[in-house]
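Close look at the chain arrangement
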Amino acid sequence: MASKEALNINKTNGIALISAIRCDRSEGNPQKGLERLAEWPTFSLPPDLIHEMAECYDAMGETTKAYHSFREANRRSSFDNLDVDRTLVTRYIEKMLVQHQAPEDEPFHPAPALHEPSPMFIVGFTCNGGDELGKMLNHHPSFGALGDLPAMDAARKALEGKDLGPLSQLSNDDIQRAREAYFSVSGRRVPSGHRVIDTSPLNVLSLPLVYRIFPDSCTIRMVRHPVETVFQAFRKLQRVNAISCHLDSMSRCAQLFLATNAMGNHYRDSLGIPMFDVAYEEFKGAPQKYGEGIVQSFGETWSPVPGFEPSTPLDQWHRYRSDLAPWTGELKKLATEMGYPAK
């Protein structure tokens, strides 16, 4: 194969090395991948290769070594941007909670007419299935998945700080300006006239603003076993930014998940913001059924999408139970509250 031939020519070819190790794992030989990595001093390996080491250990069932390798990959990745604002998200949560303790006393004036289909928001937390649902819906001719484009960030910036104040004070011009900023970003990927499927999970923190700008929007919150959600987010190597910097350790990842989930519940229970919870496990068991139900709710017809077959996801966190134990107490309590069986 090309990657292995490239390594024969230049053993320092990092891309080829990663490809070769992944092929080793897919062929059921993760030990060979570790042997390739052993040719280099561990201290010199970049985050991507430490992450491949973790995946090899995982495939071999050596979960403690895998856990520490995932953690080290995240630690090294954090040095890619030491200037990232690591308090941006937590400050935003605090400000939104203070501002939206209860419904505002002053009633909202009606938002101006929207000349595009109202976006659909799929929120929750990273690695909870929102991207999969969005990719499936993206196959429908009337929908378009936004992917990682930060359209709501653009809408917030267009309001120049007013998004953190009383939303009843937003003028029609403010709302139109935020909408224009949103569709300016979404238009890079989703043509005008198509319904935007916005799968940025942490938009859950901005739901009061979402429903002020797009009062007819639909929000689906994907939910998954809390421990599995946090573990999968932790083990995924991500380039550091103001959000992913909270996912580099199980402790910080669990704290952000609990805060995010609590904010979503608060918005629903105290502010009456509508959202529909979809369990990841149930979605995976009948993806076409969920796709059909969502599309039909907008008055559209559904055609089955190839490649999205029913499956039964297997939680992986049980295999790491002892390594994750210090951070799973509150997550397990929440899992019980959500109806997940004790395991």
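Residues numbered from 1 in each chain as written. Predicted model: local features only at pLDDT ≥ 70, side-chain atom pairs only at ≥ 80, totals over all residues. Heavy atoms only, no water.

1. Quick notes on the sheet that holds strand β2 (residues 143–145)
Rules: Here a strand pair is declared whenever DSSP counts at least two bridges between the two strands. In this text, helices come from DSSP runs of H or I with a minimum length of four residues, and strands from runs of E with a minimum of two, each type numbered from the N-terminal end. Throughout, an axis means a line fitted to C-alpha atoms (over the contacting stretch in the case of helices), and angles, computed between N-to-C directions, take values from 0 to 180 degrees. For this analysis, residues touch if any pair of their heavy atoms sits within 4.5 Å.
Across the sheet, which stays open at both edges, the 5 strands sit in the order β2-β3-β1-β4-β5 with parallel pairing between neighbours. The open sheet has two edge strands, β2 and β5 (276–279), and neither has a second partner. When strand polarity is set aside, the average angle formed by the axes of neighbouring strands in this sheet is 25 degrees. Strand direction decides the pairing type here: β2 and strand β3 (residues 195–198), joined by 3 bridges, are parallel. Bridge pairing links Gly144 to Val196 in β3. Helix-sheet contacts for helix α7 (residues 130–137) involve β1 (120–123), β2, β3 and β4 (218–223), and the interaxial angle to β1 is about 150 degrees.

2. Describing helix α12 (residues 250–271)
As a reminder, the rule being used: To estimate how far a helix should extend, the number of its residues minus one is multiplied by 1.5 Å. Burial classes: relative accessible area under 20% of the type maximum marks a residue as buried, over 50% as exposed, and values in between as partly exposed (1.4 Å probe, protein chains only).
The terminal C-alpha atoms of α12 lie 31 Å apart, and with 22 residues this matches the ideal 32 Å at 1.5 Å per residue to within 8%. Of the residues making up α12, those classed as buried are Met250, Cys253, Ala254, Leu256, Phe257, Thr260, Asn261, Met263, Gly264, His266 and Tyr267. Phi turns positive one or two residues past the end of α12, at Gly272, with a value near 75 degrees.

3. Things to note about the pattern of salt bridges
To be explicit about the condition: By definition, a salt bridge exists where a carboxyl oxygen of Asp or Glu is found within 4 Å of a side-chain nitrogen of Lys or Arg.
According to the stated counting rule, one finds 23 salt bridges in the structure shown. Between Arg224 and Glu228 there is a salt bridge; the shortest N-O distance is 4.0 Å. For the pair Arg224 and Glu228, one class covers both residues: buried. Overlapping salt bridges, with partners in common, bring together Glu55, Asp58, Arg235 and Arg319 in one network.

4. With respect to the nonpolar core
Selection rule: Buried residues of nine kinds, namely Ala, Val, Leu, Ile, Met, Phe, Trp, Tyr and Cys, make up a nonpolar core once their side-chain atoms join them within 4.5 Å.
With 71 residues, the main nonpolar core has Phe125, Tyr182, Leu205 and Leu207 as its most contacted residues. A per-element tally of this core places α12 first, with 7 residues. Each residue touching Tyr182, except ones within four places of it in the same chain, is listed here: Pro119, Phe121, Leu146, Ala151, Met152, Ala155, Val196, Asp198 and Phe214. Leu137, Met222, Val278 and Phe283 belong to the second largest nonpolar core, which has 16 residues in total.

5. Some points on the pairing of β1
Burial along β1 is two-sided: the face carrying Met120 and Ile122 and the face carrying Phe121 and Val123 are both buried. The sheet contact formed by β1 and β3 spans 2 bridges and is parallel. Opposite Met120, over in β3, you have Ile197 as the bridge partner.

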